[in-house]
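What follows is each chain in one-letter form.
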Amino acid sequence: MQIPRILKKIALFTTLLVSSKLVAQDFSQMAFSQLQSQANTLASEGRLVEALPLLEEIIKRVDSDSESEMSLDLLLYMTGNAEAQKYLKTKEAA
């Protein structure tokens with residue numbers, strides 16, 4: 001059974017709306033542990049597109065901290081997956 005085209009568009013719109021609310025937030029003032037926790041929650045729920053702005057803020061902070069021992073490998077992998085999911089969602093809705 002195929003999902004009707006209109007339902008796909010509604011799902012995409014909802015995802016983009018929620019994502020835009022996350023993008024609109026200023027994560028630069030959020031504590032690092034809060035960023036990690038929120039990104040972790042979204043990622044564990046499979047909501048990487050929504051976690052993307054959080055992941056980008058974490059990467060920015062870790063990258064700018066010369067004393068950080070945190071590896072960027074997993075963060076970059078998750079960011080790449082989020083971008084792929086975003087691309088696929090827009091492609092499905094077309």
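The structure this text deals with has already been given above.
Since the model is a prediction, treat every value here as computed from it, not as a measurement. Residue positions are given per chain, counted from 1 along the sequence in the order it is written. Where totals are concerned, whole chains, interfaces and linings use all residues; where local detail is concerned, this predicted model gives features only for residues with pLDDT of at least 70, and gives and counts side-chain atom pairs only at 80 or more. Based on all heavy atoms of the structure, the side-chain values leave hydrogens and waters out of the count.

A short note on helix H3 (residues 48–64)
Where helices and strands are cited, they refer to DSSP runs of H or I of at least four residues and of E of at least two residues respectively, numbered from the N terminus. What a helix is expected to span follows from its residue count: subtract one and scale by 1.5 Å. Over its 17 residues, H3 extends 23 Å from the first C-alpha to the last, a length consistent with the 24 Å expected when each residue adds 1.5 Å. Of all bends in H3, the biggest is about 30°, found at Leu54. Partly exposed describes any residue whose relative accessible area lies between the buried limit of under 20% and the exposed limit of over 50%, with all areas from a 1.4 Å probe on protein chains only and scaled to the type maximum. Counting buried positions over the 17 residues of H3 gives 13, a clear majority of the element. For a residue, the bend is simply the angle between two axes, fitted respectively to the seven-residue segment ending there and the seven-residue segment starting there.

A short note on helix H2 (residues 32–44)
A rise of 1.5 Å per residue sets the reference length of H2, with its 13 residues, at 18 Å; its end C-alpha atoms lie 18 Å apart and thus fit the reference within 8%. Just downstream of H2, Gly46 is the residue with a positive phi angle, here 75°.

Topic: the nonpolar core
Residues belong to a common nonpolar core when they are buried Ala, Val, Leu, Ile, Met, Phe, Trp, Tyr or Cys residues joined through side-chain atoms within 4.5 Å. Residues Leu35, Leu54, Leu55 and Ile58 are the most contacted members of the largest nonpolar core, which totals 16 residues. Going through the elements one at a time, H2, H3 and helix H4 (73–93) are the ones with two or more residues in this core. Ranked by residue count, the leading element in this core is H3, at eight residues. Leaving out residues up to four positions away in the same chain, Leu35 has contacts with Phe27, Met30, Leu54, Glu57, Ile58 and Arg61. Here a residue-residue contact requires only that any non-hydrogen atoms of the pair lie within 4.5 Å.

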